[in-house]
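Take a look at the letters that make up each chain.
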Amino acid sequence: MTIVQTATGPAETMVLNMGPQHPSTHGVLRVLLELDGETVVKADVDIGYLHTGIEKTAEALTYSQTITITDRMDYLAPLSNNLAYCLAVEKLLGLEVPKRAQYIRVLLTELTRIGSHLVWLGTHAIDLGAMSVFLYCFREREELLKIFELVSGQRMMTSYFRIGGIALEPPAGWTDRVQTILRTFPSRFDEYEELLTKNRIWLARTQGVGVLRAEDAIALGVSGPALRAAGVDYDVRKYFPYSSYDEFDFQVPVRNEADCYARYLCRVAEMRESLKIVAQALEKVPSEGPIKADAPGIVPPQREKMKTEMEALIYHFKIFTEGFAPPPGEVYQRIESPRGELGCFLASDGSPKPYRMHMRAPSFVNLQALQRMVEGRLVADVIACIGTLDIVLGEIDR
Amino acid sequence: MTDIPDLAESPTVARIRSWQPAVIAELTSSHGELTVAVAREHLKPLAEFLATDPGLAFTYLSDVTGLDRFPIEPRFELNYHLLSLSRREPLRLRVRLQGADPVIDSVVPVWPTANWHEREIFDLFGIRFEGHPNLRRMLLPDDWEGYPLRKDYPVEGPR
């Protein structure tokens with residue numbers, strides 16, 4: 001408890017508990033706010049309410065089985081997590097993924113980025129009072145979830161990417177669904193902008209709020225739109241291209257104001273850029289071709305071959321009973337998730353189970369900036385700052 | 001398979017060597033990634049050099065990862081994943097600690113982002129970081145006993 005000077009003399013500050021159950025903390029986050037009236041003197045963040053020991057569990061599963069638990073970390077962008085993990089294992093194995101699978105991965109990962117940003121926009125807006133935006137964003141997101149269900153059988157926890165490619169051949173007609181999205185979404189994004197971008201209430205709640213300048217952002221390890229809104233153009237897709245991202249033509253939105261409004265503009269612009277990437281991927285994806293690498297002993301054989309050829313059957317059996325063992329070594333694979341730099345550190349000791357799997361979660365690191373952003377501001381700004389960081393407790397706590 | 005460059009002869013390594021020739025205990029270049037392993041007492045000075053030297057400018061710390069190699073000694077391994085934003089170059093810094101004495105200097109003064117990473121490693125591995133401003137448990141309850149990510153801690157079931 002500290003003593004602060006108020007208009008009526010010295011007074012003690014009050015510690016108010018925000019969360020872990022709270023509609024605006026975007027998950028089970030607890031923030032201890034030390035308040036002087038309505039002004040935040042200090043904010044202490046308490047996490048761990050969603051800790052399920054994912055990294056420990058990964059050490060008990062084979063490399064293929066671990067894909068299924070990676071979905072659950074950043075559960076608003078499950079395909080991003082799958083991608084980071086699969087790329088890390090493929091790096092460890094030195095496995096080359098066929099181009100068709102790479103393009104499909106890019107396409108679905110960008111749709112995931114749009115879906116994640118839609119949730120962010122909807123929840124951030126409703127936290128600040130704009131309820132309609134929430135419903136509109138989720139209406140659009142529904143179309144994306146239908147596509148994920150179409151290709152993988154699951155709306156959210158898809159586990160659609162596999163070591164060496166993707167799990168299943170996308171069903172016929174899926175490209176038409178993607179075309180519909182490309183046709184309808186741009187005007188929907190315009191609708192959101194019409195409701196918010198020049199809205200006086202929105203501007204009052206987000207401009208100048210939660211300022212995080214570049215030096216602080218870099219020192220705190222912040223990444224993603226929060227860093228790009230401060231003028232640093234770090235985007236892993238451009239700095240260290242993966243999965244053929246260097247073959248795609250897209251911009252990375254960067255702004256300088258470093259406040260909530262700048263982050264909002266960055267993310268909306270990112271959604272539009274993602275649509276561009278999806279359109280290019282749709283053209284690039286060949287209608288036929290392998291969806292998995294040809295690596296017997298690592299990538300399971302096609303089912304038809306497994307049923308008719310003895311060798312394939314033996315490989316299938318060994319892969320699903322023993323698993324495959326990458327050579328000993330360590331890799332760190334970075335990707336650009338909707339929240340920032342998602343890193344997968346994988347250490348192998350030559351056994352079929354990961355010796356150590358660690359996910360560098362962008363929300364975990366970005367959340368450190370909250371304390372800096374809310375000091376001296378009002379309680380209402382805390383809500384705006386938590387929203388603008390776009391955190392997901394699943395990846396913070398793992 | 002594309003050629004993976006051997007980074008052991010990279011300018012970064014040369015610059016570190018010109019600063020202090022004997023600081024690199026081990027150099028690994030694999031999967032296109034460069035790893036510089038140093039002894040515990042060299043970590044903080046090297047960290048300061050890497051972050052402040054204008055020719056290297058490793059101002060961004062992406063991640064600190066802990067590893068337990070039980071029962072092999074040195075038991076604990078810390079991997080610092082650095083990034084030079086201006087030169088778009090990554091680097092991994094590695095330190096190994098004995099199981100009997102898992103203490104090391106905190107790099108929070110060099111990269112403030114290490115604050116939460118080091119707390120998490122303390123929470124799950126029991127490695128202590130000297131000079132950390134707030135070294136207490138983070139993901140597990142404050143009164144938890146044991147360090148779950150250690151290899152001698154079971155995945156499930158009573159201990």
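Above this text sits the structure in question.
Note that the structure is predicted; figures quoted are calculated from it, not measured. (Residues numbered from 1 in each chain as written. Chains lettered and ligands numbered in written order. Predicted model: local features only at pLDDT ≥ 70, side-chain atom pairs only at ≥ 80, totals over all residues.)

Undergrad: Go over the overall build of chain A, please, and point to the residues and values.
TA: The number of helices and strands found in chain A is 17 helices and ten strands. Taken against the 2.2 N^0.38 rule, which gives 21 Å for 398 residues, the C-alpha radius of gyration of chain A at 22 Å falls within 12% of a compact globule. For chain A, the C-alpha atoms occupy an extent of roughly 85 × 45 × 35 Å along the three principal directions. With 398 residues in all, chain A has 52% of them scored as buried. Counting only contacts in chain A whose residues sit at least 6 apart along the sequence, the fraction spanning at least 24 positions is 68%. (Helix = DSSP H or I, 4+ residues; strand = E, 2+ residues; numbered from the N terminus. Rg over C-alpha atoms; globule rule 2.2 N^0.38 Å. Buried ≥ 20, exposed ≤ 12 C-beta atoms within 10 Å, placed from the backbone. Contact = placed C-beta atoms within 7 Å.)

Undergrad: Tell me about the interface of chain A and chain B, and please be specific about residues and values.
TA: With 33 residues of chain A in contact, the opposing surface of chain B contributes 27 residues. Taken together, the elements giving at least two residues each to the side of chain A that touches chain B come down to helix H1 (54-58), helix H3 (78-93), helix H8 (214-219), strand S8 (329-337), strand S9 (340-348), strand S10 (356-360) and helix H14 (362-366) of chain A. The dominant element in the side of chain A that touches chain B, judged by the number of residues it contributes, is S9 of chain A, at four residues. Tallied by class, residues from the side of chain A that touches chain B come to 15 nonpolar, ten polar and eight charged. (Nonpolar A, V, L, I, M, F, W, Y, C, P; charged D, E, K, R; others polar.)

Undergrad: Account for the pairing of strand S4 (residues 30-36) of chain A, with residues named and values stated.
TA: All names here are of chain A. Pairing of strand S3 (residues 14-18) with S4, which is carried by five bridges, proceeds in the antiparallel orientation. The residue bridging Leu16 from the neighbouring strand is Leu33, located in S4. Where S4 and strand S5 (residues 39-46) come together, seven bridges link them in antiparallel fashion. What sits directly across from Val31, in S5, is Val45. In sequence, S4 turns back onto S5 through a hairpin of two residues, with Gly37 there showing a positive phi of about 70 degrees. (Pairing = 2+ DSSP bridges.)

Undergrad: Go over the packing of helix H2 (residues 63-70) of chain A against H3 of chain A with me, naming the residues and quoting the values.
TA: Packed helix pairs are characterised by how far apart their axes lie and by the angle those axes make with each other. All names here are of chain A. As a packed pair, H2 and H3 sit with axes 8 Å apart at the nearest point and diverge in direction by 155 degrees. Our classification of the angle between H2 and H3 gives roughly antiparallel. Like other packed secondary-structure pairs, H2 and H3 cross with a definite hand, here right-handed. Contacts between H2 and H3 involve Tyr63, Thr66, Ile67 and Thr70 from the former and Asn81, Asn82, Tyr85, Cys86 and Val89 from the latter. Considering only residue class, the contact of H2 with H3 consists of five nonpolar, four polar and no charged. (Axes fitted to C-alpha atoms, helices over the stretch in contact; angles between N-to-C directions. Parallel < 35°, antiparallel > 145°, perpendicular 65-115°, else oblique. Left-handed = near helix turned anticlockwise from the far one by under 90°.)

Undergrad: I'd like a rundown of helix H2 (residues 43-52) of chain B, residues and numbers included.
TA: Residue and element names in this part refer to chain B. Residues of H2 that are buried include every one of Leu43, Leu46, Ala47, Leu50 and Ala51, and no others. Seen along its axis, H2 keeps its buried residues to an arc of 130 degrees; they face one direction. As for H2, its buried residues are in contact with strand S2 (33-38), strand S4 (76-84), strand S5 (89-97) and strand S6 (103-105). (Arc of directions from axis to C-beta.)

Undergrad: Report on the sheet that holds S2 of chain B, specifying residues and quantitative values.
TA: Residue and element names in this part refer to chain B. Taken in spatial order, the five strands of this open sheet run S1-S2-S5-S4-S3, and their pairing is mixed. A strand with exactly one partner marks an edge of an open sheet, and here the two such strands are strand S1 (26-30) and strand S3 (60-68). Between one strand and the next, the sheet's axes are offset by a mean angle of 20 degrees, whatever the strand orientation. The sheet contact formed by S3 and S4 spans eight bridges and is antiparallel. Within the sheet, the bridge partner assigned to Tyr60 lies in S4 and is Leu83.

Undergrad: Before we move on, could you go through the sheet that holds S10 of chain A and cite the residues and values that matter?
TA: Residues and elements named next belong to chain A. Across the sheet, which stays open at both edges, the three strands sit in the order S8-S9-S10 with antiparallel pairing between neighbours. Every interior strand has two partners, whereas the edge strands, S8 and S10, have only one. Neighbour to neighbour, the strand axes of the sheet diverge by 15 degrees on average, direction disregarded. Direction of pairing for S8 relative to S9: antiparallel, over a ladder of nine bridges. Looking at the pairing, Glu330 lines up with Ala347 of S9. Against the sheet, H3 makes contact with S8 and S9, and its axis sits at roughly 150 degrees relative to S8, the strand it touches most.

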